[in-house]
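# Structural overview for review
Spelled out from the first residue to the last, the chains are:
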Amino acid sequence: MNDRLVELLTEAFWETLHIVAVAGAFTLLGGLLLGTILYITSKTGPKPIAVVNAPLGLIVNIGRSAPFVLLMVAVVPLTRLITGTSIGTEAAIVPLTVASVPFFARLVEGALLEVQPGLIEAARSMGASTPALVWRVVLPEATPGLIRGFTVTLVAVVSYSAMAGIVGGGGLGDLAYRYGYQRFQTEFMIWPLVILVVLVQLFQILGDRCARTLDRR
């Protein structure tokens, strides 16, 4: 491994980590909020509201079903509005977040729906309001499932970030495409792949360990 390769890999690695960290943070906040609203307003939720749940669920389903490559193109106007450009690491964060929030929101909804009904009924019998029920009972009980869901989402974000690199999003995907694919330099294809695999494994191990630690069942 020559010095030039190490330099480019290091720069691309930090770009990828930046993209994943920022997009992951926005995904965590947006997906948690959206998934909680879907749970609360669902038929079996604490406060069913069909007129809210149905259109919100439709938007989430559309976001989840859209292929990421097409989604990147579709949100270019939004990306330019937010970042002032459609290429680069900052620009890649916008489509990554748009693609990941609906994905995580469904996982959040599923995790919250798995909370034992007996715990919810017990809280209701003690006069807990809907916000108190969700904040003090449902979310704490669902924490292991939420962590597992976010881990899966974070792994998907890493994969999306590599695809974003192909269209100028920066990071390891961009490095592999420009040097490995276009210039036929095999080492520039192999090393980014190895780093991405290791990164995914680390996220998965940390996520599984945190979930097991907090699982009280």
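Residues numbered from 1 in each chain as written. Predicted model: local features only at pLDDT ≥ 70, side-chain atom pairs only at ≥ 80, totals over all residues. Heavy atoms only, no water.

If you add up the space inside the second largest pocket, you get close to 180 Å³. Lining the second largest pocket are 15 residues; nearest its centre among them are Met 72, Val 76, Ser 86, Pro 95 and Val 167. The set of elements that each furnish at least two residues to the lining of the second largest pocket consists of helix H3 (68-74), helix H4 (76-83) and helix H5 (89-113). When the residues that make up the lining of the second largest pocket are grouped by side-chain class, the tally is 10 nonpolar, 5 polar and no charged. (1 Å grid on protein atoms, 1.4 Å probe; cavity = no way out; pocket = protein on both sides within 12 Å on 5 of 7 lines; lining within 4 Å. Points joined across faces, edges and corners; volume = space filled by probe spheres on them. Helix = DSSP H or I, 4+ residues; strand = E, 2+ residues; numbered from the N terminus. Nonpolar A, V, L, I, M, F, W, Y, C, P; charged D, E, K, R; others polar.)

Turning our attention to the pattern of salt bridges. A complete count under the given rule lists 4 salt bridges for this structure. Linking Arg 124 and Glu 121 is a salt bridge whose minimum nitrogen-to-oxygen distance equals 3.5 Å. A residue pair is termed a helical-turn pair when its members lie 3 or 4 positions apart in one helix, as Arg 124 and Glu 121 do in helix H6 (residues 117-125) at 3 residues. Judged by relative accessible area, which is 35%, Arg 124 ranks as partly exposed. (Salt bridge = Lys/Arg side-chain N within 4 Å of Asp/Glu carboxyl O. Buried < 20%, exposed > 50% of the residue type's maximum accessible area, 1.4 Å probe, protein only.)

Per the UniProt record, the feature "transmembrane region" (unreviewed entry) sits at residues 20-40, 146-168 and 188-207. Helix makes up 91% of residues 146-168 and strand 0%, with an end-to-end C-alpha separation of 32 Å. (UniProt positions renumbered as here; feature names shortened; annotations may be inferred.)

Attention shifts here to the packing of helix H1 (residues 3-41) against helix H8 (residues 171-181). In contact at an axis separation of 6 Å, H1 and H8 are set at 140° when each is read in the N-to-C sense. With respect to their mutual orientation, H1 and H8 come out oblique. Between H1 and H8, the residues in contact are Arg 4, Leu 8, Leu 9, Ala 12, Phe 13, Glu 15 and Thr 16 and Gly 171, Leu 172, Leu 175 and Tyr 179, respectively. Among the residues making up the contact of H1 with H8, the classes are represented as 7 nonpolar, 2 polar and 2 charged. (Axes fitted to C-alpha atoms, helices over the stretch in contact; angles between N-to-C directions. Parallel < 35°, antiparallel > 145°, perpendicular 65-115°, else oblique. Contact = heavy atoms within 4.5 Å.)

Between the first and last C-alpha of helix H2 (residues 50-65) there are 22 Å, a value that for 16 residues agrees with the 22 Å anticipated at 1.5 Å per step. For H2, every residue scored as buried is listed here: Asn 53, Leu 56, Gly 57, Val 60 and Gly 63. The buried residues of H2 all sit within an arc of 125° when viewed along its axis, so they share a single face. Opposite the buried face of H2, by more than 90 degrees, sit the exposed residues Ala 50, Val 51, Ala 54, Leu 58, Ile 59, Ile 62 and Ser 65. Looking at the packing, one finds that the buried side of H2 touches H1 and H5. (Expected span 1.5 Å × (residues − 1). Arc of directions from axis to C-beta.)

It is worth spelling out the packing of aromatic side chains at this point. Applying the stated criterion across every chain, the model contains 4 aromatic pairs. Each ring, one from Phe 13 and one from Trp 14, has its centre 5.4 Å from the other, and the planes form 65°; the classification is edge-to-face. With centroids separated by 4.6 Å and ring planes inclined at 10°, the aromatic side chains of Phe 68 and Tyr 160 adopt a geometry described as stacked. Taken together, the positions of Phe 68 in helix H3 and Tyr 160 in helix H7 (residues 130-166) put the pair 92 residues apart, joining distant regions of the chain. Residue classification places Phe 68 among the buried residues on the basis of a relative accessible area of 6%. (Phe/Tyr/Trp six-rings, centres within 6.5 Å; stacked < 30°, edge-to-face > 60°.)

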